[in-house]
Amino acid sequence: MNKTHAILELQEIRPIYQKTERLTVLILILALPAFGMVYLFQNSGNVNWDLPRLPEFFEWALAGISSLILVAQNVIFHKKIKTGFQQTELVEKVKIYTQATSQRFLILFAVSILTTVGLLLNKNPVFTVIFAVALVFFSLAKPSPDRMARLMKLKKEDRELVREASRPELS
């Protein structure tokens, strides 16, 4: 790969990667405090909002759906990643990875909202456990050059280009 081609790829990859990073951080900024506030509210015992309680069937259905979505997001993510193996262009591989990661974070955000609502309405600790598992997936899914290189099976020169694209631009 010549230097000019590498610079052009870098200029194309950097905004794609940075957009995905911003999205993932924004989702975490929304999900964590929302659940944290509900969790603290539920455990304080001092405040009673007299919120309606979901019937037990719906409570367990919500917990089951949240758990099912957690499993599904992992399967969906890895299926999308596998489609990137057929690509030869680095930019296309990066697009596939960032789209899969963005979709994964949006699904995890939905799980965080469901568990937050479940905990708020039912005070059932199972929602805390499901949210904790979602946090593990948030942590494992956070985009990084090394994670992308490993999952997309990038060559050494492509790894370096992705690593460079993940760094802030120096003006």
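Our subject is the structure that appears above.
Residues numbered from 1 in each chain as written. Predicted model: local features only at pLDDT ≥ 70, side-chain atom pairs only at ≥ 80, totals over all residues. Heavy atoms only, no water.

Q: Is there a simple way to think about the nonpolar core in this case?
A: The tendency in soluble globular proteins is for nonpolar side chains to be buried as a group. Counting residues in each nonpolar core, the largest one holds 21 residues, and the members touching the most others are Ile-13, Ile-81, Leu-90, Val-94, Tyr-97, Met-148 and Met-152. The set of elements that each furnish at least two residues to this core consists of helix H1 (3-44), helix H2 (56-83), helix H3 (90-122), helix H5 (145-152) and helix H6 (156-166). Sorting elements by how many residues they give to this core places H3 first, with 6 residues. Ignoring anything within four residues of it in the chain, the contact list for Tyr-97 reads Phe-77, Ile-81, Ala-141, Lys-142, Pro-143, Ser-144, Arg-147, Met-148, Leu-151 and Met-152. (Core = buried A, V, L, I, M, F, W, Y, C linked by side-chain atoms within 4.5 Å. Buried < 20%, exposed > 50% of the residue type's maximum accessible area, 1.4 Å probe, protein only. Helix = DSSP H or I, 4+ residues; strand = E, 2+ residues; numbered from the N terminus. Contact = heavy atoms within 4.5 Å.)

Q: Where do I start with the packing of H2 against H3 in this structure?
A: One can describe the packing of H2 onto H3 by two numbers: an axis separation of 9 Å at closest approach and a directional angle of 175°. One way to sum up the angle between H2 and H3 is to call them roughly antiparallel. The class makeup of the residues in the contact of H2 with H3 is 14 nonpolar, 9 polar and 3 charged. (Axes fitted to C-alpha atoms, helices over the stretch in contact; angles between N-to-C directions. Parallel < 35°, antiparallel > 145°, perpendicular 65-115°, else oblique. Nonpolar A, V, L, I, M, F, W, Y, C, P; charged D, E, K, R; others polar.)

Q: Explain the pattern of salt bridges here, please?
A: Opposite charge on two side chains lets them pair, provided their charged atoms get close. Tallying each qualifying case throughout the model produces 5 salt bridges. Ionic pairing is found between Glu-164 and Arg-14, a salt bridge with its closest N-O pair at 3.8 Å. Residue Glu-164 is located in helix H6, and its partner Arg-14 is located in helix H1; the two are separated by 150 residues in the primary sequence. Glu-92 is the partner of Lys-95 in a salt bridge, and the nearest nitrogen-oxygen pair spans 3.8 Å. With Lys-95 and Glu-92 both in helix H3 and 3 residues apart, this pair spans about one turn of that helix. (Salt bridge = Lys/Arg side-chain N within 4 Å of Asp/Glu carboxyl O.)

Q: Is there a simple way to explain H1 in this structure?
A: For an α-helix, the turn length of 3.6 residues means that residues three or four places apart are oriented alike. Between its terminal C-alpha atoms H1 stretches 59 Å, which fits the 62 Å expected from 42 residues at 1.5 Å a residue. Immediately downstream of H1, the backbone of Gly-45 shows phi near 75°, a positive value. (Expected span 1.5 Å × (residues − 1).)

Q: I would appreciate a short explanation of the packing of aromatic side chains in the present structure.
A: Each aromatic ring pair is specified by the distance between its two centres and by the angle formed by the two planes. Throughout the structure, instances matching the rule amount to 4 aromatic pairs. Taken together, a centroid distance of 6.3 Å and an interplanar angle of 20° make the contact between Phe-35 and Tyr-39 stacked. On the criterion of helical spacing, the pair formed by Phe-35 and Tyr-39 is a turn pair, its members being 4 residues apart in helix H1. A relative accessible area of 5% means that Phe-35 is categorised as buried. Geometrically, the ring pair formed by Phe-57 and Phe-58 is edge-to-face, given 5.3 Å between the ring centres and 70° between the ring planes. Each residue in the set Phe-35, Tyr-39 and Phe-131 is aromatic and connected to the rest through ring pairs, giving one cluster. Here Arg-104 stacks its cationic end above the ring of Phe-77, 4.2 Å away from the centre of that ring. The lysine or arginine in question, Lys-153, covers the ring of Phe-85, its NZ or CZ lying 4.7 Å from the ring centre. (Phe/Tyr/Trp six-rings, centres within 6.5 Å; stacked < 30°, edge-to-face > 60°. Lys NZ or Arg CZ within 6 Å of the ring centre and 35° of its normal.)

Q: Would you mind going over unusual backbone geometry with me for this structure?
A: It is generally the case that most residues other than glycine have a negative phi and that most peptide bonds are trans. Phi is positive for Lys-123, which is not a glycine, with a value near 55°. Among the residues examined, Lys-123 registers a relative accessible area of 54% and is labelled exposed. One non-glycine residue, Lys-153, lies in the positive phi region at around 55°. Here Lys-153 shows up in the loop between H5 and H6. The class for Lys-153 is exposed, based on a relative accessible area of 58%.

Q: Please clarify how H3 should be interpreted in this entry.
A: Taking 1.5 Å per residue, 33 residues should reach 48 Å; H3 reaches 47 Å between its end C-alpha atoms and fits that length. Lys-123, located one to two residues past H3, shows a positive phi value of around 55°.

Everything listed is a geometric property; what it means functionally is a separate question.
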